[in-house]
Amino acid sequence: MDGAPTTLLDISGLSVEFSGGGRTARVLNDVALTVAANETLGIVGESGCGKSMTALAILRLVPSPPGRITGGRIVFGGEDLLQAPEQRLRDVRGHRIGMIFQEPMTSLNPVLTIGDQLSETLIKHLKLDARAARARSIELLKAVGIPAPERRVDEYPHQLSGGMRQRVMIAMAIGCEPQLLIADEPTTALDVTVQAQIFELLRELRARSGMGLILITHDMGVIAEMTDRVAVMYGGRVVEEAPTADILSAPAHPYTRGLIACVPDLDAEEDSGADLLEIAGMVPSVWDLPKGCPFADRCAEAMPRCVAEMPPTSVLSAGHRVACWLQEGTGP
Amino acid sequence: MSAPLVSVRDLAVHFARPHFSPLKPRETVRAVDGVSFDVAKGTTLGIVGESGSGKTTVARGLLRLVPVTSGRIVLGGTDITALGGEEMRQMRRHMQYIFQDPYSSLNPRVRAGTIVRSPLDVLGIGTPAEREARVAELFAAVGLRPESQHLFPHQFSGGQRQRINIARALAPAPDLLVCDEPVSALDVAIRAQILNLLQQLKRRLGITYLFISHDMAVVKHVADEVAVMYLGQIVERAPRTAFFARPLHPYSVALMSAVPTVRGGRERAARRIRLTGDPPSPIDPPPGCRFAARCPVAEPACRQTMPELREMASGQWVRCHRVEVVGGTIRRPLD
């Protein structure tokens, strides 16, 4: 992904606040990310670190109230989505940017057939008539590997397995051939053999259409297999970002190192059952973020400075940046 | 190997489906269909498989939490298959269960200390003073602060709640602890804390575990022996090292290859054995090998006769027609 690929999405300075009970929580803080065409960006971190919120903010779907996008720019196709009128966003959502949500069980409407739900976006965005939309729905179901699509198109979500429902979600998300697809933990609820099928499908789609893909996950194995670049999020910030190969071979942030080391390694020659590396404690509450580095209280290498001051972002090498006092000034 | 703590033979758990039409025959879900295994004292048997393979039902059947259709369950020399009433209740102090979801398995209206004490109260173990002391000891053992006994479940994080679950299961000093996906609902960074705690308890107290997980890497980390389930049956059972070095059943191989790993990355994905479709329904399982419909190396014979679980090498059992021993070495169909 070197050279100058077309930047599809350019997020800078994105901040989101939630308020309630007279208090304010910064759930996203100065987030900057880019995605190029034909590139997969992974976003990794624990729950509550801002991964899904970033995805929602891109489509301006942050629940409001209590949430509010307080600053930043989200430039997609040369246009700042944060400044665009609501009417304009309707053309972007589900059309130029597709989204796959985590829960295939709850993201489909149980009282409408698969075909109805697929056709809706096609009729709305591509101005197809009902007959053409149905034909296209069947094509889409076939494209995502659902057997007997002519029959499935008239079935209801409860008649499909979890893996099939997730395929329907994908079919819906790619129906209008989006330039960017956001997949928020698309396989977390699925078995690994089905996950492998879904990943295969996403790789094929990307290769065929050249779309950009944002893949949100908590699994470093998935990051290694699927992504070109990774952003590690913690406490509503991007704490490290780098090409995938760099981050896996030389993770710079202690949190990134922890995420890689805290899971058992299936590739290990022999697992002695010795204690795994623990990341002590838990993710800080967004209502109670410290003024220094958000990871400081869980970090084994924390220094007094980490608690007192937010670390600046340093650039370690081309495309590898990290926000950690340990790395300050070590870059080129 | 000394006498096993747990011995299960031909366990079957079938459920009758709700009857909708008097014209159609009543359907039976064969959730567990002829499962046998032993677990030696102080060791961990890991059961892996996909959702719907019957892992949880094996655990529930073993603890007699669901009616057992047939088979025999022996715990510490006592046949518990047909025990009833008070006798069964007293056996329960020897076998406890850790549930998957730390959110729904704790009563939100009961304080943590009371939750942990409840098995002692129910089973009538110790005097009130002894119970108090035991609860304090358990809180320390699982790494919870003593003063947190007075808090309610919602005041704890997911990882802490799982510690309460573990403390409650440990309360009657059981010999067998059944852990049903104990870390699946937890955040990745918290999983290590709970896995380490379970491993420490095993070393310190000599507890025997039945550890159910869909996560191959977790099973590799905790188990001494591994059983792979598919559609209600064990398709492979082997010691940990032998299994992970060279799984024999095509399903085990495919399942392992499907796991994305940090080191494997894209190359691993490219070498992956692709399985198509979903597992068939346990309502009307196919007559032959249950994996045949998805198996990349199935032959016509596989669809007709059900393979037996055969011992291919010491302790390595496999249910596949196509695995064979040729000249002293085991040949796998996917080699």
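Given the structure is predicted, the values throughout are model-derived calculations rather than measurements. Every chain is numbered on its own, with residues counted from 1 as its sequence reads. Both sets of labels track the order of writing: A upward for chains, 1 upward for ligands. A pLDDT threshold of at least 70 governs which residues receive local features in this predicted model, and a stricter bar of 80 or more applies before side-chain atom pairs are shown or counted, although totals over entire chains, interfaces and linings include all residues.

Looking now at the overall build of chain B. In terms of helices and strands, chain B carries eleven helices and 14 strands. Here the C-alpha radius of gyration of chain B, 21 Å, is about what a compact globule of 335 residues would show, namely 20 Å. For chain B, the C-alpha atoms occupy an extent of roughly 65 × 55 × 45 Å along the three principal directions. Across the 335 residues in chain B, those meeting the buried criterion constitute 47%. Taking all contacts inside chain B whose residues are at least 6 apart in sequence as the whole, residues at least 24 apart take part in 64%. Helix and strand definitions follow DSSP, with helices as H or I runs of at least four residues and strands as E runs of at least two, each counted in order from the N terminus. Here the globule rule is a power law, 2.2 Å times the number of residues to the power 0.38, and the radius of gyration is based on C-alpha atoms. The burial label depends on the number of other C-beta atoms within 10 Å of a residue's C-beta. Counts of 20 or more mean buried, 12 or fewer mean exposed, and intermediate counts mean partly exposed, with C-beta atoms placed from the backbone. Contact between two residues is assigned when their C-beta atoms, built from the backbone, lie within 7 Å.

Counting from both sides, the interface comprises 37 residues of chain A and, opposite them, 38 residues of chain B. Listing elements by their share of the side of chain A that touches chain B, those giving two or more residues are α7 (192-209), α8 (220-226) and α10 (254-261) of chain A. Per-element accounting of the side of chain A that touches chain B gives the leading share, six residues, to α7(A).

What follows deals with the nonpolar core. If you look at the biggest cluster of nonpolar residues, it comprises 192 residues, and the most contacted ones within it are A:I214, B:A167, B:V178, B:L210 and B:V228. The start and end points of each domain follow an automatic or database-based domain assignment. Both domains that meet at this core, namely domain 1 (13-96 + 182-265) and domain 2 (108-175) of chain A, each give it at least three residues. With residues up to four places along the chain from it excluded, the contact list for B:V228 reads B:V48, B:G49, B:I234, B:V235, B:E236, B:H249, B:Y251, B:S252 and B:L255. Linking buried Ala, Val, Leu, Ile, Met, Phe, Trp, Tyr and Cys residues through C-beta atoms within 7 Å yields a set, and such a set is a nonpolar core.

This brings us to the environment of A:T188. Considering the arrangement of structural elements, one finds A:T188 in the loop between β7 (180-184) and α7. Look at A:T188 and you get partly exposed, because 15 C-beta atoms sit within 10 Å.

The next thing to look at is the pairing of strand β11 (residues 313-317) of chain A. Residues and elements named next belong to chain A. Where β11 meets strand β12 (residues 320-323), four bridges bridge the pair, whose relative direction is antiparallel. Across the sheet, S317 pairs through a bridge with H320, a residue of β12. One bridge is not enough; two strands pair if DSSP finds at least two bridges between them. Linking β11 to β12, which pair antiparallel, is a turn of two residues; within it G319 sits at a positive phi near 80°.

All names here are of chain B. Strand order in the open sheet made by the eight strands is β6-β7-β8-β3-β9-β10-β12-β11, with mixed pairing throughout. Both edges of this open sheet fall to β6 (95-98) and β11 (310-313), since each of them pairs with a single strand only. If you compare each strand with its neighbour and ignore which way they point, the axes differ by 20° on average. Pairing geometry for β11 and strand β12 (residues 316-318), over three bridges, is antiparallel. Fitted lines through C-alpha atoms serve as axes, helices being fitted only where they are in contact, and the angles separating the N-to-C directions of these axes extend from 0 to 180 degrees.

Residue and element names in this part refer to chain A. Assigned domains within chain A: domain 1 (13-96 + 182-265) and domain 2 (108-175). Between domain 1 and domain 2, the C-alpha centre-to-centre distance is 26 Å. Taken together, the ten residues of domain 1 in the interface contact nine residues of domain 2.

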